[in-house]
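# Analysis of the macromolecular model
Here's the letter readout for the chains.
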Amino acid sequence: TILILDFGSQYSHLITRRCREHNVYAELQPCTVKLADLHFKPKGIILSGSPYSVYDNDSPHVDSAVFELKVPILGICYGLQEMAWALKGKVERSDHREYGFAQLQINKIHDGDSPVDALFRGLGEEMQVWMSHGDQLCEIPPDFHVIAHTRTAPFAAVAHNTKPFYGIQFHPEVTHSLRGKEVIGRFILDICGCRSNWTMEEFIGKEIARIREICGPKGRVIGAISGGVDSTVAAKLMHEAIGDRFHAIMVDNGVLRLNEAQQVYEMLNKNLGINLTVVDASDLFLSRLQDIEDPEKKRKIIGNTFINVFEEEAAKIEAAADEEEKQGADAKGRVEWLLQGTLYPDVIESISFKGPSATIKTHHNVGGLLKDMKLKLIEPLRELFKDEVRVLGRLLSIPAPLVQRHPFPGPGLAIRILGPVTREQVRILQQADNIYIEEIRNAGLYDEISQAFAVLLPVRAVGVMGDARTYEQVIALRAVQSEDFMTADWYVFPAEVLRRISSRITNEVNGINRVTYDISSKPPATVEWL
Ligand code: XMP
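Residues numbered from 1 in each chain as written. Predicted model: local features only at pLDDT ≥ 70, side-chain atom pairs only at ≥ 80, totals over all residues. Heavy atoms only, no water.

## Notes on a nonpolar patch on the surface
- Together, Trp 490, Val 492 and Ile 519 line one region of the surface with nonpolar side chains, adding up to about 300 Å² of accessible area.
- Structurally, the position occupied by Val 492 is in the loop between β19 (489-490) and α13 (495-508).
- Look at Val 492 and you get exposed, because its relative accessible area is 59%. (Patch = residues over 30% accessible without salt bridge, like charges linked within 9 Å, V, L, I, M, F, W, Y side chains within 5 Å. Areas by Shrake-Rupley, 256 points an atom, 1.4 Å probe, with all protein chains shown as cover. Salt bridge = Lys/Arg side-chain N within 4 Å of Asp/Glu carboxyl O. Helix = DSSP H or I, 4+ residues; strand = E, 2+ residues; numbered from the N terminus. Buried < 20%, exposed > 50% of the residue type's maximum accessible area, 1.4 Å probe, protein only.)

Structure follows, in structure tokens:
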């Protein structure tokens, strides 16, 4: 295991991902973690970047005992400065930030296989790297060598003469640093000596065994299914582990995509054999959403109504279980557990040493569910990143189109209809969205795009059809590429694909006479319109 100590950089989780991409298990912990509290002994430690300066009064610092652990340490950006600060180097405060690409020149210190050169071994003499920092090193700590520099940073990378300590000013974890992943590989594989044995094949077996052990021979588990990758993979794992003692519930909230509830039922129940109940609660949701325009209100209503419906359904399963229990025979036991598809990024957010980062929109999923039922949580995916969940899904024979599916927000089409939500507005958006996604798939572009969807703008625009003037609503198309949805770029479509989509939507969807394409990046826009 590699321990990554987080000083609050927006890129910290990417360091963890890059290690996992080398099939090495890495765990992110706040920099304030007590080493004695760790449940594992790290083979190496990476210190992340940070928005702070080591000289700020409230800047975060690491337990200086890490430098005595006798394991390799790599400091990245602030992590380098923190290491230098702890080992008596000098960091210069700076009023301006360096942000962007830089050309890293690698210094060859020794010939042969000296550990001082190990970080960049075999990576050539130059590489493009990404810089994002204010302060920088102005004097290296005693016993350190400079192993790379840039035009503006004479100490862009340093290494200790005898101990396995390395520091780099640039960010190897972002894809803009072209060979950054290889630099991380050099550290964790060559320097720390980790083996590449973190694979999803191994994870499946271990996790199924763990679930069986936690759940014991009796007792049921319930869980909500959205039709997305995470809940489907989590459900399939539960099904493999405990079969029909797992009950999946899907709530049709009336703002799903076209025919979605039906398709999810076919896939999960008929094809994967999962014990699934679909509850059609669309009337209840749509009546509560009537006349509501404020997006946060929509999210709250959908979140709360979801909990009501789910609880009611869970109570039915509970009652049936009680009845069976009374009958004796080989009853499967009472409902004791609630399955959640929590992923590692959610865990990271909740353990941040500064508390969760500012939420721009409330992401309403299954939080705070079923307090009264006193269910214990079971979270089989809490160690995994999304791409790992997709690999797991393929190994569990979940069909590729589902595994590769773009994310879909819990509040569904309600936050893609910019005015009040009505059945008619839902119908229009469902049809337009369906055409859009169908054409993206036909063009073979679906997997290139991180998320694509249509948005219904409740404004009326003038058009012409035959001899008649029309006065109808507008569809906006959105498609983005993104690594983690914290930032996103709008996707550049081939013109003929857009032309076909636009022509199909205006011809086939009643009520739409105009289609626009959203060319805003995040930031300053967000991915969703609401
Ligand atoms: P934004 O719009 O915040 O979206 O840039 C980033 C990602 O989050 C999804 N999203 C949501 N997901 N409930 C969810 O489950 C929500 O309320 C919600 N709002 C946004 C969005 O689809 C994108 O993938």
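Following the structure, the description resumes.
## Looking at helix α6 (residues 260-271)
- Compared with an ideal rise of 1.5 Å per residue, which puts twelve residues at 16 Å, α6 spans 15 Å between its outermost C-alpha atoms and is within 8% of the ideal.
- Lining the buried residues of α6 we find α5 (229-242), β13 (246-252), β14 (276-280) and α11 (400-403).
- Downstream of α6 by one or two residues, Gly 273 has phi in the positive range, about 75°. (Expected span 1.5 Å × (residues − 1). Contact = heavy atoms within 4.5 Å.)

## Let's talk about the pattern of salt bridges
- Tallying each qualifying case throughout the model produces 32 salt bridges.
- Between Glu 139 and Lys 90 there is a salt bridge, with the nearest N and O atoms lying 3.7 Å from each other. Pair noted here: Glu 139 is in strand β8 (residues 136-139) and Lys 90 is in strand β5 (residues 90-92), with a separation of 49 residues, a long-range link.
- Judged by its relative accessible area of 40%, Glu 139 falls in the partly exposed class.
- Take Lys 90: its relative accessible area is 44%, and that puts it in the partly exposed class.
- Across the pair Glu 379 and Arg 382 runs a salt bridge whose closest N-O atoms are separated by 2.6 Å.
- Judged by its relative accessible area of 36%, Arg 382 is partly exposed.

## Observations regarding the UniProt feature "binding site: ATP" (unreviewed entry) in the protein chain
- Mapped onto the present numbering, the UniProt feature "binding site: ATP" (unreviewed entry) falls on Ser 226, Gly 227, Gly 228, Val 229, Asp 230, Ser 231 and Thr 232.
- With respect to the helices and strands, the residue Val 229 is situated in helix α5.
- In contact with Val 229, other than residues within four places in its own chain, are Val 389, Arg 390, Leu 402, Val 403 and Arg 405.
- With respect to the helices and strands, Asp 230 occurs in helix α5.
- Its relative accessible area of 17% is what places Asp 230 among the buried residues. (UniProt positions renumbered as here; feature names shortened; annotations may be inferred.)

## Re the sheet that holds strand β12 (residues 220-224)
- Strands sit in the order β14-β13-β12-β15-β16 across an open sheet of five strands; the sheet is parallel. Each end of this open sheet is capped by a strand with a single partner; those strands are β14 and β16 (376-378). When strand polarity is set aside, the average angle formed by the axes of neighbouring strands in this sheet is 30°.
- Across five bridges, the pairing between β13 and β14 is parallel. Among the inter-strand pairings, Ala 248 is bridged to a residue of β14, identified as Leu 276.
- Running at roughly 170° to β16, helix α4 (residues 200-215) makes contact with β12, β15 (335-339) and β16 of the sheet.
- Those strands touched by α6 are β13 and β14, and its axis lies near 170° from that of β14. (Pairing = 2+ DSSP bridges. Axes fitted to C-alpha atoms, helices over the stretch in contact; angles between N-to-C directions.)

## What about the state of the cysteines?
- Across all of its chains, the model carries zero disulfides by this definition.
- With no disulfide partner, Cys 31 has as its closest neighbouring cysteine sulfur the one in Cys 77, 14 Å distant.
- A relative accessible area of 1% means that Cys 31 is categorised as buried. (Disulfide = S-S within 2.5 Å.)

## What to know about the sheet that holds strand β2 (residues 26-30)
- A sheet is described by the order of its strands in space; here nine strands give the open sequence β2-β1-β3-β4-β11-β10-β9-β6-β7, paired in mixed fashion. Unpaired on one side and paired on the other, β2 and β7 (126-133) mark the two borders of the sheet. Strand-to-strand twist of the sheet, defined as the mean angle between neighbouring strand axes without regard to direction, takes the value 25°.
- Here strand β1 (residues 2-6) pairs with strand β3 (residues 44-47) via four bridges, running parallel.

## Here's the deal with the nonpolar core
- If you look at the biggest cluster of nonpolar residues, it comprises 50 residues, and the most contacted ones within it are Tyr 436, Ile 440, Ile 475, Phe 493 and Ile 505.
- For this core, the element with the most residues is helix α12 (residues 423-442), which contributes eight residues.
- Once residues within four sequence positions are removed from consideration, Ile 440 is found in contact with Leu 445, Tyr 446, Ile 449, Ala 452 and Phe 493.
- Core analysis: the next-biggest nonpolar cluster, separate from the first, contains 42 residues, Val 116, Leu 123, Ile 191 and Val 347 among them. (Core = buried A, V, L, I, M, F, W, Y, C linked by side-chain atoms within 4.5 Å.)

## Here's the deal with helix α10 (residues 386-395)
- Among all positions in α10, only Glu 388, Val 389, Arg 390, Leu 392 and Gly 393 are buried.
- Backbone geometry just downstream of α10 places Ser 397 in the positive-phi region, at approximately 65°.

## What about the packing of α4 against α10?
- The geometry of α4 relative to α10 is characterised by a closest axis approach of 9 Å and an angle of 75° between their N-to-C directions. With respect to their mutual orientation, α4 and α10 come out roughly perpendicular. Each of Met 200, Glu 201, Phe 203 and Ile 204 in α4 lies in contact with α10, whose residues at this interface are Glu 388, Val 391, Leu 392 and Leu 395. (Parallel < 35°, antiparallel > 145°, perpendicular 65-115°, else oblique.)

## Notes on the packing of α4 against α5
- Two numbers describe how α4 lies on α5: the axes approach to 9 Å, and their chain directions differ by 65°. Crossing of α4 against α5: the hand is right-handed. When α4 is examined against α5, the residues Phe 203, Glu 207, Ile 208, Ile 211, Arg 212 and Cys 215 are found in contact with a partner set consisting of Leu 237, Met 238, Glu 240, Ala 241 and Ile 242.
- Grouping the constituent residues of the contact of α4 with α5 by class yields eight nonpolar, no polar and three charged. (Left-handed = near helix turned anticlockwise from the far one by under 90°. Nonpolar A, V, L, I, M, F, W, Y, C, P; charged D, E, K, R; others polar.)

## Some remarks on the pairing of β3
- Of the two faces of β3, the one lined by Gly 44 and Ile 46 and the one lined by Ile 45 and Leu 47 are each fully buried.
- One ladder, built from three bridges, connects β3 with strand β4 (residues 73-76); its direction is parallel. Following the sheet pairing, Ile 46 is matched in β4 by Leu 74.

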